[in-house]
Amino acid sequence: MVAPVKKNDRKIVLVEDLTHDGNGVAKIDGYPLFIQGALPQETVEVHVLKTLKNYGFAKIVDIKEQSPDRVKAPCIYFGKCGGCQLQHLSYEGQLKWKENMVRNVMKRIGKIDAQVLPVKGMQDPWNYRNKSQIPFTQTETGPIAGFYKSKTHEIVDMERCIIQVEEADKMMANLKKELMDIGLQPYNEESHRGMLRHVVVRKGRATGEVMVVLVTNKHKFPQKEAAIALIRKLVPNVTSIVQNVNIEKTNVILGNETITLWGKDFIEDTIGNVRFEISARSFYQVNPVQTEVLYKQALDYAQLSGDETVIDAYCGIGTISLFLAEKAKQVLGVEIVEQAIEDAKRNAELNGFTNTYFEAGPAEEVIPRWYAEGKKADVLVVDPPRKGCDEALLNTIIEQKPKRVVYVSCNPATLARDLRVLEDGGYKTKEIQPVDMFPQTTHVECVVLMSRVL
Ligand code: SAH
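Residues numbered from 1 in each chain as written. Predicted model: local features only at pLDDT ≥ 70, side-chain atom pairs only at ≥ 80, totals over all residues. Heavy atoms only, no water.

Asker: When you look at the overall build of the chain in this model, what are you seeing that I'm missing?
Answerer: Counting secondary structure elements, the chain contains nine helices and 22 strands. Computed over the C-alpha atoms, the radius of gyration of the chain is 24 Å, within 12% of the 22 Å expected from 2.2 N^0.38 for a compact globule of 454 residues. Judged by the C-alpha coordinates and their principal axes, the chain covers about 65 × 60 × 35 Å. Within the chain, buried positions represent 56% of all 454 residues. A separation threshold of at least 6 residues defines the contact pool for the chain, and within that pool the share at least 24 residues apart is 64%. (Helix = DSSP H or I, 4+ residues; strand = E, 2+ residues; numbered from the N terminus. Rg over C-alpha atoms; globule rule 2.2 N^0.38 Å. Buried < 20%, exposed > 50% of the residue type's maximum accessible area, 1.4 Å probe, protein only. Contact = heavy atoms within 4.5 Å.)

Shown next as structure tokens:
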């Protein structure tokens, strides 16, 4: 394709869609131009920045016709920080866009024609994130902390983030100012020197408990006592301070070794009637208000009468499992992270469940073995990471024919792909319910009900 525009051209274009990065997309003779900050239905004058063979980039010079859904982004870091992509779109506009996006992805990737319901959104779509992973580094002017610019490892130095909890703001804004006083040097990615790589803050919304994890580049931590005192001063409601050691040259935030420095090894939270203990390395949904909406939907789709055996694949600390266990005969949960399975077992006990069984391992290996051992499920719930289900697991489902599959997914593209495999294997997609777990971003979670037809 020959680009119909070249660098430095000016054009007036109609924006048709948004990309996953939150850029507007306009087409000139079929050639897509990505325009930062532009919204669908807007007519904008753009300045072409760069053209490649199949697409180009442009910036807005003037908005000729504004989207009725355009709002002023409330965060001063919006456009620099890579965390949020949609603050310039009204919340209603975001929900509408997400609904359409899910519908289009289902059709395009999965050829799935099931009904996509309107997205279940939040009443107050701010300060919802109960977990923040804040990178620290050293600059010529001192330590900085914030979030990365989109698609880079460049930290935007920030004082607050209006989608995270207040305790995370305190760590972001204040810890860096006092780090040098206690001789704790932030990490430098290039030289692989310095001690403090990330600070992870996690809060139990219902209990108010807070965990602060200091990710360090060394095991030996001479400033430990001073760091504990400083954190307790900055966040008086902290209940757990943990060191996580990560000495690798890697983008992965947490290393394998965690040492409790002060307080408990975990924090507690409740969702619905169920109480959970969450340790540093276990997965826990980041939006507790919407997690309850999500799990209720999954439970609804499972249609349990009390006689069913349910398998919860990719169960994390057993959150969905315990929601299901209230209504099922038995729930079997499987998860690859051992510490999460330990949490799941403890959580079952904490809540008095005796009808659950948890095992650590890859779902695609453990579940076929369970079936071979005669542990059969009437309903199977899957909640895989972004890459979707392992093919071997999908094949097991197709062979073993549980009556219903409830698929919880944070990635519509891999969801559509997997639904297609299951449809070809004898299931029918009944309904798709998107839930907005991540307001102000382009992410969306979906819960899907599938029933066996063959
Ligand atoms: N259902 C849980 C966790 C969902 S996140 C909740 O709502 O909290 C996905 C989980 O899948 C993570 O805990 C991750 O550790 C786990 N996981 C990733 N690959 C896996 C695999 N192959 N087998 C089992 N679990 C896996």
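Asker: Teacher, can you tell me more about the environment of Asn273 here?
Answerer: Inspection of the secondary structure assignment puts Asn273 in the loop between strand S14 (266-271) and strand S15 (274-279). Its relative accessible area of 68% is what places Asn273 among the exposed residues. Once the C-alpha coordinates of Asn273 and Ile12 are considered, the two residues, 261 residues apart in sequence, prove to be 55 Å apart.

Asker: What should I look at first to understand the UniProt feature "coiled-coil region" (unreviewed entry) in the chain in this one?
Answerer: Within this structure's numbering, the places UniProt gives as "coiled-coil region" (unreviewed entry) are residues 158-185. Between the C-alpha atoms that bound residues 158-185 there is a distance of 18 Å. The span itself is 46% helix and 0% strand. (UniProt positions renumbered as here; feature names shortened; annotations may be inferred.)

Asker: I keep staring at the pairing of strand S1 (residues 10-18) and nothing clicks. Help me out?
Answerer: A regular strand places its side chains on the two faces of the sheet in alternate fashion. As paired strands, S1 and strand S4 (residues 43-51) are joined by five bridges and run antiparallel to one another. Counterpart to Ile12 in the pairing with S4 is Glu45. The pairing of S1 with strand S2 (residues 24-28) spans three bridges and is antiparallel. Looking at S2, one finds that Val15 is bridged to Ala26. Between the antiparallel neighbours S1 and S2 lie five residues, among them Gly22 with a positive phi of about 85°. (Pairing = 2+ DSSP bridges.)

Asker: Help me understand the domain arrangement of the chain, please; the structure alone is not making it clear to me.
Answerer: Accessible area lost upon the coming together of the parts serves often as the stated size of an interface. Entries for the chain in the domain assignment read domain 1 (10-65), domain 2 (96-123 + 287-452) and domain 3 (131-271). Here domain 1 and domain 2 have C-alpha centroids that lie 37 Å from each other. On the domain 2 side, the residues contacting the five residues of domain 1 number four residues. Summed over both sides, the interface of domain 1 with domain 2 buries roughly 370 Å², with 59% coming from carbon and sulfur. Summed over the shared surface of domain 1 and domain 2, the number is two residue pairs in polar contact (both at pLDDT 80 or more). Grouping the constituent residues of the side of domain 1 that touches domain 2 by class yields one nonpolar, three polar and one charged. (Domains from an automatic or database assignment. Buried area = accessible area lost by both parts, 1.4 Å probe. Polar contact = N/O pair within 3.5 Å; in protein donor to acceptor, adjacent residues only side chain to side chain. Nonpolar A, V, L, I, M, F, W, Y, C, P; charged D, E, K, R; others polar.)

Asker: I'm lost on the nonpolar core in this one. Help?
Answerer: When a protein is soluble and globular, its nonpolar side chains tend to lie buried together. Of all hydrophobic cores here, the largest spans 88 residues; its most connected members are Met171, Leu175, Val199, Leu214 and Leu324. For this core, the domains that each give at least three residues are domain 2 (96-123 + 287-452) and domain 3 (131-271). Look past the residues within four positions of Val199 in its chain and what remains in contact with it is Ser132, Gln133, Ile134, Phe136, Met171, Leu175, Val212, Val213 and Leu214. Tyr314, Ile367, Val444 and Met450 belong to the second-largest nonpolar core, a separate cluster that totals 42 residues. (Core = buried A, V, L, I, M, F, W, Y, C linked by side-chain atoms within 4.5 Å.)

Asker: I tried to follow the pattern of salt bridges on my own but got confused; where do I start?
Answerer: Should their charged atoms come close, side chains of opposite charge can pair. Tallied over the full model, the rule gives 29 salt bridges. Here Lys6 makes a salt bridge to Asp9, at a shortest N to O gap of 3.4 Å. For the salt bridge of Lys264 with Glu268, the shortest nitrogen-to-oxygen distance reads 3.7 Å. Among the residues examined, Lys264 registers a relative accessible area of 28% and is labelled partly exposed. For Glu268, a relative accessible area of 12% puts it in the buried group. (Salt bridge = Lys/Arg side-chain N within 4 Å of Asp/Glu carboxyl O.)

Asker: What should I look at first to understand the site of the ligand in this one?
Answerer: Tyr295, Thr319, Glu335, Ala363 and Asp383 are the nearest of the 17 residues found near the ligand. One of the side-chain N or O atoms of Glu364 is found 3.1 Å from a nitrogen atom in the ligand. Within the side chain of Asp383, a nitrogen or oxygen atom sits 2.9 Å from a nitrogen atom of the ligand. Taking 580 Å² as the accessible area of the ligand by itself, protein coverage stands at 89%. Split into classes, the residues belonging to the shell around the ligand amount to ten nonpolar, four polar and three charged. (Near = heavy atom within 4 Å. Areas by Shrake-Rupley, 256 points an atom, 1.4 Å probe, with all protein chains shown as cover.)

Asker: Please explain the sheet that holds strand S5 (residues 56-65) as it appears in this structure.
Answerer: The sheet built from five strands closes into a barrel, its strands ordered S1-S2-S3-S5-S4 with mixed pairing. Sheet twist, expressed as the average angle between the axes of neighbouring strands with direction ignored, equals 50°. When S4 meets S5, the two strands line up antiparallel, connected through eight bridges. The residue of S5 that forms the bridge with Val44 is Ile63. (Axes fitted to C-alpha atoms, helices over the stretch in contact; angles between N-to-C directions.)

Asker: Explain a nonpolar patch on the surface here, please?
Answerer: Taken together, the side chains of Leu49, Leu52, Tyr55 and Phe57 define a hydrophobic patch exposed on the protein surface, amounting to about 310 Å² of accessible area. Mapping Tyr55 onto the fold places it in the loop between S4 and S5. You can call Tyr55 partly exposed: its relative accessible area is 34%. (Patch = residues over 30% accessible without salt bridge, like charges linked within 9 Å, V, L, I, M, F, W, Y side chains within 5 Å.)

Asker: Help me out: how do you make sense of the UniProt feature "domain: TRAM" (unreviewed entry) in the chain in this one?
Answerer: UniProt feature "domain: TRAM" (unreviewed entry): in the numbering of this structure it lies at residues 4-62. Here residues 4-62 runs as 0% helix and 61% strand, with 21 Å between its end C-alpha atoms.

Asker: Explain the layout of surface pockets to me, please; I cannot follow it from the model alone.
Answerer: Unfilled space is identified by rolling a water-sized probe across the atoms. Of the pockets and cavities examined, the second largest pocket occupies roughly 550 Å³. Asp17, Leu18, Trp97, Asn100 and Met101 are the residues nearest the centre of the second largest pocket, which is lined by 27 residues in total. Of the residues contributing to the lining of the second largest pocket, the split by class is eleven nonpolar, ten polar and six charged. Lining the lining of the second largest pocket are residues from two domains, each supplying at least three of them: domain 1 (10-65) and domain 2 (96-123 + 287-452). (1 Å grid on protein atoms, 1.4 Å probe; cavity = no way out; pocket = protein on both sides within 12 Å on 5 of 7 lines; lining within 4 Å. Points joined across faces, edges and corners; volume = space filled by probe spheres on them.)

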